[in-house]
Amino acid sequence: MANSDPQPTQWSAETLAVHAGFEFDPQTGAVMPPIYATSTYAQEAPAQTKGYDYSRGDNPTRTPLQKALAELESAQGAYVFGSGMAAIDAVLQTMKSGDHLIAGNDLYGGTVRLFNRVAVDRGLTFSYVDLSNPEALKAAIQPATRWIWFETPTNPMLQVIDINQVVSIAKPHGVKVGVDNTFMSPLLQSPLAEGADVVMHSITKYINGHSDVIMGCLMANDEELLARLKFIQMSVGAVPSPFDCFLVLRGIRTLAVRMRQHEANGRAVAEFLNQHPGIETVFYPGLASHPGHAVAARQQRGFGGMVSIVLRGGQTAAHRLLTGTRLFKLAESLGGVESLIQHPASMTHASLPAARRAEVGIVDGLVRLSCGIEGTQDLVDD
Ligand code: PLP
C-alpha cells in the first residue's frame, strides 16, 4: 500500500488480503508485481544500488510478499524462507550451544524431527511440555531456556493453548515465545497481539492455499529480533524463488474468502461426525464440548477447517475411511482448496517415537481431515 493510504488496521480482513503489500507497479501500472527472475543487480558505482544487490538478500518480488505478510499479521516485519521448517530453523539459529527450548508436547512431526535429530547436534536442548498446564510450564523453565515454541491449535490433536497465559509465565524469565500459527492463518488468530515474540506460518498451507508452493515465514515486532532474523535469512540463504513469491502473493488475495469456506466446511463436517455412531471422538475447537473451546473462542476469530477424529474400530476402520473417500484425497499437508485426509500415525507423525505418539493421543484410529473449499454438503456426503 502507498504510504498515504489509511492504516491497514482500519480495513476489513477481506480488503487487507486483496490490497496488502502491493498496490501497483509505478512504471507500468501492473496490479501484480513482475516476477524478477534475477540473481543480481547492476550497480552505478561500487555499493551504489537501487536497493537490491543480490537476490539471496532480497528480491523485488519477495519485498511486496513480505510487506503483505507483515500487514496481515499486524507485525513490524516478516521474512520468508524456503519452507516452514527453514523458518523454524531460523529461530533455532538465534540460539547458541547449551541453550534450551521448551516445546509444546503436540507438534508437527517434522518440527520434532528438526529439534531431536538435527538441532541437538548443534548443542541445543529441548523439553516437551503440556503447555495447557501452567505448573508444568513453570517447572520446565531453566536458566538456559531461551524460547517456548508451540502450535495452537496443535497438529494433529487440535489442543488449544492459551497464548497469553504462556507469555505471562515466560516474560518474567526473559524467555521468548514463538507461535506456529499455521492452522489459523493470520486471519483467525494474532499471537503477536497476545504478547508472542514471533509468529511462524507454513505458508505452504492456508496462506498460499493452492498446494503448489513450499514456503514458510516469520513475523515479529521487536526491531533487534527482526534484524537478526533478516541477517539469518540472508546468511543461511534458505530463501524462496521469485516465482514462488509471486504465487503466494496471488494466493493471499483470496485468503479471507477461502478461510470463510474452510471454516464453514470444518464446522459442518465436525458436527456431522460428532453424532456419527462410527466415531469415538471428534477434535474440533469449534464444538462446545472441546476442552479448549472457551480459550479458542477468546483468542481466535474462528475455528478453521481442521478436524481430527478417532474411529471406533481402530486401524481397520481408519484404513477403510482413508481409502474410501473421493473428494478428501489421501495426502499429507493441509490448508489447500482441495480437501485432504491423512493418517498421522503412519504419515505426518510417523517420525515421532511410538511412546510420544501414544502420550499425545496419536492412536492408530486417528484420522486428520483438512476441509477444503468445496461445497459443504458434498464433503459431508463424501
Ligand atoms: N508447522 C505445521 C503446523 C505444519 O503442519 C507443517 C507441515 O505440515 C510445518 C510447520 C512445516 O512446514 P513446511 O512443510 O512448509 O516445511
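Going by the structure above, here's the rest.
Predicted model only: the values in this text are computed from it and were never measured.

Participant: Mind laying out the packing of aromatic side chains, listing which residues take part and the relevant values?
Facilitator: One pass over the full model with this rule turns up two aromatic pairs. Relative to Phe126, the ring of Phe115 lies with its centre 4.6 Å away and its plane at 10°, an arrangement referred to as stacked. Here Phe115 is found in helix α4 (residues 109-117), whereas its partner Phe126 is found in strand β3 (residues 125-129), with 11 residues between them in sequence. In this arrangement the basic side chain of Arg356 is found over the ring face of Tyr128, its NZ or CZ atom lying 4.4 Å from the centre.

Participant: Talk me through unusual backbone geometry; I want residue IDs and the actual numbers.
Facilitator: For residues that are not glycine, phi is negative in most cases, and the peptide bond is trans in most cases. Cis geometry marks the peptide bond from Thr152 to Pro153; its omega dihedral reads -10°. Counting through the fold element by element, Pro153 comes out in the loop between β4 (145-151) and α6 (163-170). Residues Asn155 and Pro156 are joined by a peptide bond in cis, for which omega reads 10°. Along the polypeptide, Pro156 turns up in the loop between β4 and α6.

Participant: Lay out the sheet that holds β4 in plain terms, naming residues and giving numbers.
Facilitator: Taken together, the seven strands give an open sheet; going across it, the order is β1-β7-β6-β5-β4-β2-β3, and neighbouring strands pair in mixed fashion. Single-partner strands in this sheet number two, and they are β1 (77-81) and β3. Shown here is a sheet whose adjacent strand axes are inclined to one another by a mean of 20°, direction ignored. When strand β2 (residues 100-104) meets β4, the two strands line up parallel, connected through four bridges. Looking across to β4, one finds that Ala103 is bridged to Trp149. α4 contacts β2, β3 and β4 of the sheet and is inclined by roughly 140° relative to β3. Across the sheet, helix α8 (residues 223-236) touches β1, β4, β5 (176-180), β6 (198-202) and β7 (216-220), and the angle it forms with β1 is around 20°.

Participant: An account of the site of the ligand is needed here, citing residue identities and associated values.
Facilitator: Neighbouring the ligand are 14 residues, the closest being Gly84, Asp180, Ser202, Thr204 and Lys205. A distance of 2.6 Å separates a nitrogen atom of the ligand from a polar side-chain atom of Asp180. Thr204 has a polar side-chain atom sitting 2.6 Å from an oxygen atom of the ligand. Protein coverage of the free-state accessible area of the ligand, which is 390 Å², stands at 92%.

Participant: Requested: an account of the packing of helix α2 (residues 62-72) against helix α9 (residues 242-252), with residues and values cited.
Facilitator: Relative to each other, α2 and α9 sit at 35°, their axes nearing to 9 Å. Like other packed secondary-structure pairs, α2 and α9 cross with a definite hand, here left-handed. In this structure, α2 uses Arg62, Pro64, Leu65, Ala68, Leu69 and Leu72 to contact α9, whose residues at the interface are Cys245, Val248, Leu249 and Ile252. The residue makeup of the contact of α2 with α9, split by class, is nine nonpolar, no polar and one charged.

Parameters and conventions
- Residues numbered from 1 in each chain as written.
- Predicted model: local features only at pLDDT ≥ 70, side-chain atom pairs only at ≥ 80, totals over all residues.
- Heavy atoms only, no water.
- Phe/Tyr/Trp six-rings, centres within 6.5 Å; stacked < 30°, edge-to-face > 60°.
- Helix = DSSP H or I, 4+ residues; strand = E, 2+ residues; numbered from the N terminus.
- Lys NZ or Arg CZ within 6 Å of the ring centre and 35° of its normal.
- Pairing = 2+ DSSP bridges.
- Axes fitted to C-alpha atoms, helices over the stretch in contact; angles between N-to-C directions.
- Contact = heavy atoms within 4.5 Å.
- Near = heavy atom within 4 Å.
- Polar contact = N/O pair within 3.5 Å; in protein donor to acceptor, adjacent residues only side chain to side chain.
- Areas by Shrake-Rupley, 256 points an atom, 1.4 Å probe, with all protein chains shown as cover.
- Left-handed = near helix turned anticlockwise from the far one by under 90°.
- Nonpolar A, V, L, I, M, F, W, Y, C, P; charged D, E, K, R; others polar.

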